[in-house]
Amino acid sequence: MQRLYPTKACVVLGAWLLSAAAVCSATEVPAPPVAPIHEVIETLHGVTLTDPYRYLENLRAPDVQEWFKGQGAYARATLDRIAGRDAMEKRITELTSASGDAITRITRMPGDRIYYLKRAKGERQFKLAMRVGTRGAEHILMDPEVEAKRTGVPHAINYYRPSWDGKYVAYGVSAGGSEDASLHILDVESGHDIAAVFERVHQPDVNWLPDSRSLAFNQLKVPTPGEPESEAYMDSRVMLHTVGEAADKAVAVFGPTVTRNLGLGRLDVGSLLFVPGSPWVIARTTDTTLPEGFLFLGRVADLGKPTMAWTKISGYEDKITNLALRGNDLFFMTHANAPRKHVMRLDLRKPELKFAVEAAASPATGVMEDFALTRDSLVTAVRHGTDIVLRRYAKGKPQGMDVPMPFQGAAYLSDEPAHAYGDVMYTLSGWTQMPLTYVLRGELSVNSGLRVNPELPNLPELEVRNVEVSSYDGAQVPMTLLYRRGLKLDGSNPTLLNAYGAYGFSQTAGFSAARVAWFEKGGVLALANVRGSGVNGDPWYRAGQKATKPNTWKDGVACAQYLIAQGYATPKTLAVMGTSAGGIFVGRAVTTAPELFAAAVFDVGVMDAVRAEDSANGATNISEFGTAKDSQEFKALLEMSTYHHIKDGTAYPAVLLVQGMNDPRVDAWHAGKAAARLQAATTSGKPILLRLDMQAGHGMGSTATQRNAMTADIYSFLLWQMGKSALKE
């Protein structure tokens, strides 16, 4: 991790500190800089709001940067004084390194070519790798560490897409966790990039035409100086580029400013879907946040020509989420009139949804999450609580059959965009089982050998318990508890309650070596699928969205009360955490019932929901949370806004706000404003720390070193506040 200041070094913090130059030693930590109050008063829909720290939203202002750096320095110095913190990081590093190579984003292409991102044991960052066959020799195609070493700034691969014939790989890379990806094209034979590079290609929807010589990608417009940040994702265009041509020869073929007759909105971000053997191209739009949008149909042969014609297939009301194209058939997953979701097949020679037939029926229990096509069948992934299992469907038999799973956990289908095989690859991971990648042949799962998992020595034996908690209104909230076997329910256990509750994303079974360090300290991990998650289908998700969003944190409060009532913890040993949109969950749980918690972690969280839409990514999230321009949605935003519910004279728990300064999804000012407000309001005397990483963003692209350091800080902070450790003298 690159820190703001060296540990135990002299630090000059600036004019907002108690003195112009504050000198720290191993035993002294300067006070954090106090944010001056500059009230902005405005009235929205008849409600008067007072915002004392709005100026902190201007992250480019020198005085604001100085304040953030001072806060980061104070947090760093304090965290480094926690007894056992360095030992915690060392142990987490040992555990994550000993768990072997990390492999993710597997793609299988024709010719048995398998691509994936791999971070080898002990390495910092994921590399792009390829092999022919699961047992073939591995070839590293792209290593972002080369650029990181040259510049001193962490780089990461954001996405990749091989051409159908394997001659090229298009990939996006960004620096410092910014996710501001540029698109490169790698010539596999030479091992070098082709000259054309495209900036502002943030979305992973990069797709090759069937000829493997041209590709389509979504590119953001060039920003106009002085324009609002909320303009960033407006008016993007799908570009068509032919390998070998100069970058400025790329042609815009789809988008609100290109295909003006299609009725697209400025935030309709488009992508094009192709597959070998199909004459069709599917144009799809989303707002980058929710998957629903428009679908249009055209012919590949006409793309880029003045005669190109698009036929509308569906709109938002059709609730289509996942797509796959094979020949003349479009397969799509939808939750329209199907809260558990199902897959439909549409013959594109008659492109009207009324002619679609069911290819995979809604499961009798559970919720359909994903699907994949083989040459002649279909496989779906079905969620049951935190587990995900597979079902296979033969042509004309939409009821399907369950597939026996090698062990209990969550299965993730690999990307196989050409549908060239009779089998499918998937990865299975459990709470206590490391992930393994299998090839599903009929009903038989065969270990691919792609992953080789070592034995982790001296691991504590864990108990996994699934419970349902009665919320304030009687709703039953699923929660999974993980802890060392033989745990005494005497309230003394350091317990961390974690939830997300947005976009229909659910807590899911998966192995984490870093968590072992928490269990070794006697820790309990409670993972709640509060409303806003998709664990019980679309109705459960919609019950935690916009006007119903209070259910998300009220469910969390009920889960906290359960943990205390059942003897897992007391208010002195219970903490709560939420990440990103989960910041609403954790922030409002803390501001609703501060007396329940010893500590809280606000991890890159949404803190000021009222102002969020004025940021670049905030504008794309209006579909999930609402807009302050609408009177009813404004009321919902105000209710879910932690910043506006922090009250003076309240004894708040200790709070650790974790933030990367290059975060493109939740701007750093969310954490800054919440930290300033909490520091001014709390009467508990407990610390409010703003932990900053100047070379990190939202977590995507962070190196293993950065992740291990962050986890060590979180666990150490919680143990300190629960009375399990102390500050070093």
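Structure: above.
Since the structure is predicted, the reported quantities are computational estimates derived from the model, not experimental observations.

(A) Summary view of the sheet that holds strand E17 (residues 295–299). With respect to topology, four strands assemble into an open sheet ordered E15-E16-E17-E18, the strand pairing being antiparallel. Edge positions in the sheet fall to strand E15 (269–273) and strand E18 (311–314), since each of these pairs with one other strand and no more. In this sheet, adjacent strand axes meet at a mean angle of 30° when their direction is disregarded. Where E17 lies against E18, three bridges are found, and the strand directions are antiparallel. Among the inter-strand pairings, phenylalanine 296 is bridged to a residue of E18, identified as lysine 312.

(B) Representation of the sheet that holds strand E14 (residues 251–254) in the model. If you walk across this open sheet you meet the four strands as E11-E12-E13-E14, and the pairing is antiparallel. At either margin of the open sheet sits one strand with a lone partner, and together these are strand E11 (207–208) and E14.

(C) Here's a closer look at the pattern of salt bridges. Counted under the stated rule, the structure contains 48 salt bridges. Between lysine 118 and aspartate 101 there is a salt bridge, with the nearest N and O atoms lying 3.4 Å from each other. Here lysine 118 is found in strand E4 (residues 113–119), whereas its partner aspartate 101 is found in the loop between helix H2 (85–98) and strand E3 (102–109), with 17 residues between them in sequence. We note a salt bridge from aspartate 555 to arginine 531, for which the minimum N-O separation is 2.8 Å. In this pair, aspartate 555 sits in helix H6 (residues 550–565) while arginine 531 sits in the loop between strand E34 (524–528) and helix H5 (538–542), placing the two residues 24 residues apart along the sequence. Through salt bridges that share partners, Glu42, Asp51, Arg54, Glu57, Asp608, Arg611, Asp614 and Lys673 make up one connected network.

(D) Expanded view of the side chain of asparagine 207. Relative to the helices and strands, asparagine 207 is located in strand E11. Here asparagine 207 falls in the buried class, since its relative accessible area comes to 13%. A polar contact is formed between the side chain of asparagine 207 and the backbone oxygen of leucine 272, at a distance of 2.7 Å. Dropping the residues within four chain positions of it, asparagine 207 is found in contact with Arg161, Leu215, Ala216, Leu272 and Phe274.

(E) Expanded view of helix H9 (residues 631–640). Along H9, the residues classified as buried are Glu633, Phe634, Ala636, Leu637, Leu638 and Met640. Where H9 is buried, its residues contact strand E1 (40–44), strand E2 (47–51), H6, helix H7 (582–592) and helix H8 (622–625). Sitting at the amino-terminal end of H9 is aspartate 630, which places a side-chain oxygen 3.0 Å from the backbone nitrogen of glutamine 632.

(F) How the structure looks around the side chain of threonine 380. Among the secondary structure elements, threonine 380 is positioned in strand E24 (residues 377–384). Within the local environment of threonine 380, its side chain forms a polar contact with the side chain of tyrosine 393, the two groups lying 3.1 Å apart.

(G) A look at unusual backbone geometry. Even without being glycine, histidine 45 reaches a positive phi, approximately 50°. Classification of histidine 45 by relative accessible area gives partly exposed; the value is 40%. In this model, lysine 341 sits at a positive phi of 75°, which is unusual for a non-glycine residue. Following the sequence through the fold, lysine 341 ends up in the loop between strand E20 (329–334) and strand E21 (342–347).

(H) Spatial organisation of the environment of threonine 285. Looking at where threonine 285 falls in the secondary structure, it is placed in strand E16 (residues 280–286). Each C-alpha atom, one on threonine 285 and one on alanine 726, is 52 Å from the other, the two residues being 441 residues apart in sequence. Sequence-distant contacts of threonine 285, defined by excluding residues within four places in its chain, comprise Phe254, Leu264, Asp268, Val269, Gly270, Pro291, Glu292, Gly293 and Phe294. Polar contacts involving the side chain of threonine 285 include one to the main-chain amide nitrogen of phenylalanine 294, which spans 3.0 Å.

(I) Focus on the packing of aromatic side chains. Considering all chains together, one arrives at 16 aromatic pairs under this definition. Aromatic pair tyrosine 483 and tyrosine 568: ring centres 5.7 Å apart, planes at 55°, arrangement tilted. Of this pair, tyrosine 483 sits in strand E32 (residues 476–484) while tyrosine 568 sits in the loop between H6 and strand E35 (574–579), placing them 85 residues apart in sequence. Looking at tyrosine 483, the relative accessible area reads 9%, which means it is buried. Each residue in the set Phe254, Phe294, Phe296, Trp310 and Tyr316 is aromatic and connected to the rest through ring pairs, giving one cluster.

(J) Structural view of the nonpolar core. Counting 79 residues, the largest nonpolar core has Met479, Leu481, Leu497, Leu563, Phe602 and Leu657 as its most contacted members. Residues contacting leucine 497, with those up to four places away along its chain left out, are Met479, Ala526, Ala528, Gly556, Cys559, Ala560, Leu563, Ala575, Val576, Met577 and Phe585. Judged by nonpolar contacts, the second largest core, of 53 residues, contains Ile92, Phe407, Trp518 and Ile714.

(K) The arrangement of the environment of lysine 167 in detail. Here lysine 167 is to be found in the loop between strand E7 (155–162) and strand E8 (168–175). For the pair formed by lysine 167 and alanine 675, sequence separation is 508 residues and the distance between their alpha carbons is 50 Å. The contact partners of lysine 167, leaving out residues within four places of it in the chain, are Leu186, Asp187, Val188 and Arg213.

Definitions and cut-offs
Residues numbered from 1 in each chain as written. Predicted model: local features only at pLDDT ≥ 70, side-chain atom pairs only at ≥ 80, totals over all residues. Heavy atoms only, no water. Pairing = 2+ DSSP bridges. Helix = DSSP H or I, 4+ residues; strand = E, 2+ residues; numbered from the N terminus. Axes fitted to C-alpha atoms, helices over the stretch in contact; angles between N-to-C directions. Salt bridge = Lys/Arg side-chain N within 4 Å of Asp/Glu carboxyl O. Buried < 20%, exposed > 50% of the residue type's maximum accessible area, 1.4 Å probe, protein only. Polar contact = N/O pair within 3.5 Å; in protein donor to acceptor, adjacent residues only side chain to side chain. Contact = heavy atoms within 4.5 Å. Phe/Tyr/Trp six-rings, centres within 6.5 Å; stacked < 30°, edge-to-face > 60°. Core = buried A, V, L, I, M, F, W, Y, C linked by side-chain atoms within 4.5 Å.

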